[in-house]
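Analysis of the macromolecular model
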Amino acid sequence: MTAATVSTSSGAIVARSPGVIPAVAPTMAAALPTVAERTLPNGLRVLVVRRATVPLVEVRLRIPFTGQGAAHPARAELLSQTLFTGTQLRDRLELATTVQALGGALSTGVDADRLAVVGSALATNLVALLELVAEVLTGAAYPSSEFAGERDRLVEEVTIAHSQPAMIARNGLLRRLYGSHPYGTDAPPPDVVAQVTETEIRTLHAERMSPVGAILTLVGDVEPQAALDRVEAALGSWKGAAADPTPPLPVLRPGPVVIIDRPGAVQTNIRIGGPAVDRHDPAYAAQRLASTIFGGYFSSRLVSNIREDKGYTYSPRSSVDYPVAGSRFTVAADVATEVTGPALLEIFYELGRMAVLPVSTEELDAARQYAVGTLALSTATGVGLASTLSALAGAGIGVDYLHDHPAALAKVTPQDVLAVSARVLAPTRLVTVLVGDAEKISSMVGGVVEVTTDRSTDR
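Now for a look at the structure at hand.

1. Structural notes on the environment of Glu450
- For Glu450, the location among the structural elements is in the loop between α16 (438-446) and β14 (451-454).
- Those residues in contact with Glu450 that sit more than four places away from it in its chain are Pro256 and Val257.

This is how it looks when you write it as structure tokens:
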């Protein structure tokens, strides 16, 4: 086998043995996009970035949508699903045809913090797209001819979702973390959805679809100041009241592992979670690297242990989410019933190891390169940049983050990772929910930790 050759920056040819992985080149800091910004008199904050690589404009509208009460998630989800079913001027087909004629698309989504309108169009059609969005925001009709069918479809969707073990596990963990707080569920119960009326949706729209605190982000082949003027012309007459603030999170009280019983299940869905530091915390960069090293990518300790070494699961992972009221660290792994106890023990072992021992320099550097690289990729396209800027703005963070965060990652030391891991990843600070056959897994898990079983049918 012969040696490979490679050209250097100077043009010299040097030999390199085959099979040797070259060192990762240093990441070059990208130029920050220039953001033009304006807050309209009605409270709508508008951000515009010119990116002329393709003749499109990406649109991201983020509207605060937190609400209390058992019915709010169902109403919010149904409003999101029916927002584009008709206005006072056009029916559903006419809306869809108009969007298509603009060379674009519009969709909606909702969670416990916000309702999002996501779209795009040819940049030359920005005014028409904004006028269409304004028509929906101020004149959505929720016609009876469409509403009942959409509600029935959503009932079917959430019924299926609530039967899936992954959703049962996610909702179980959220309930354990947040109780009756708005963050305590990820999918409304189907019986609650079935009782929502179109009158309630129209009322919710009137009360909550407000420009106050909303953020509109535009990225594309547009002239920023002209785009700001066009937004103000199209959406300046949109009115509404300020949204209710997100209530504070309940104090988490760690306790027994909760087993949600699924008799006959051949696998156990393991979910572990707890509070995390937010994006404004000085330890934020270290936390991101700690989660990555533990279970945030394929080279993580969790994957190496319970997938590659022991074969307990296919895709174990950890992540940090950043809801408005407080961040959340989670661990997820789906394992065969018979290895539930050993798998849980290994997960706790790896969490504990993160919390009491420094990571190696090699692990830290690899995670750092991964984090910097994924941030660069997330903003490499107009779609990614629009979504990233919208999410950052919703968290009260400016575009400087795209420069400051890689710099902060570069400064993180093994001791920084150890300190934040002790705060966030220590097993004693986390709660655990298992979805599986309680009769088969209780004894093996009970040999590791205290357990309690939930056999209720209310998921």
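2. A closer look at unusual backbone geometry
- Positive phi outside glycine occurs at Tyr142, with the angle close to 50°.
- Looking at the secondary structure, you find Tyr142 in the loop between α3 (126-139) and α4 (144-163).
- By relative accessible area, which is 1% here, Tyr142 ends up buried.

3. Some words on the sheet that holds strand β5 (residues 56-64)
- Spatial strand order, β3-β4-β8-β5-β7-β6: 6 strands in an open sheet with mixed pairing. Pairing within the sheet leaves two strands with one partner each, and these edge strands are β3 (35-39) and β6 (105-110). Strand after strand, the sheet turns through a mean of 15° between neighbouring axes, direction not considered.
- Sheet topology places β6 next to strand β7 (residues 114-122); 6 bridges connect them, and they run antiparallel. Counterpart to Thr108 in the pairing with β7 is Val117.
- Against the sheet, α3 makes contact with β5, β6, β7 and β8 (215-220), and its axis sits at roughly 20° relative to β5, the strand it touches most.
- Of the strands in this sheet, β4 (45-50), β5 and β8 touch helix α13 (residues 382-394), which is tilted by about 20° from β5.

What counts, and at which threshold
Residues numbered from 1 in each chain as written. Predicted model: local features only at pLDDT ≥ 70, side-chain atom pairs only at ≥ 80, totals over all residues. Heavy atoms only, no water. Helix = DSSP H or I, 4+ residues; strand = E, 2+ residues; numbered from the N terminus. Contact = heavy atoms within 4.5 Å. Buried < 20%, exposed > 50% of the residue type's maximum accessible area, 1.4 Å probe, protein only. Pairing = 2+ DSSP bridges. Axes fitted to C-alpha atoms, helices over the stretch in contact; angles between N-to-C directions.

Structural measurements only, silent on function.
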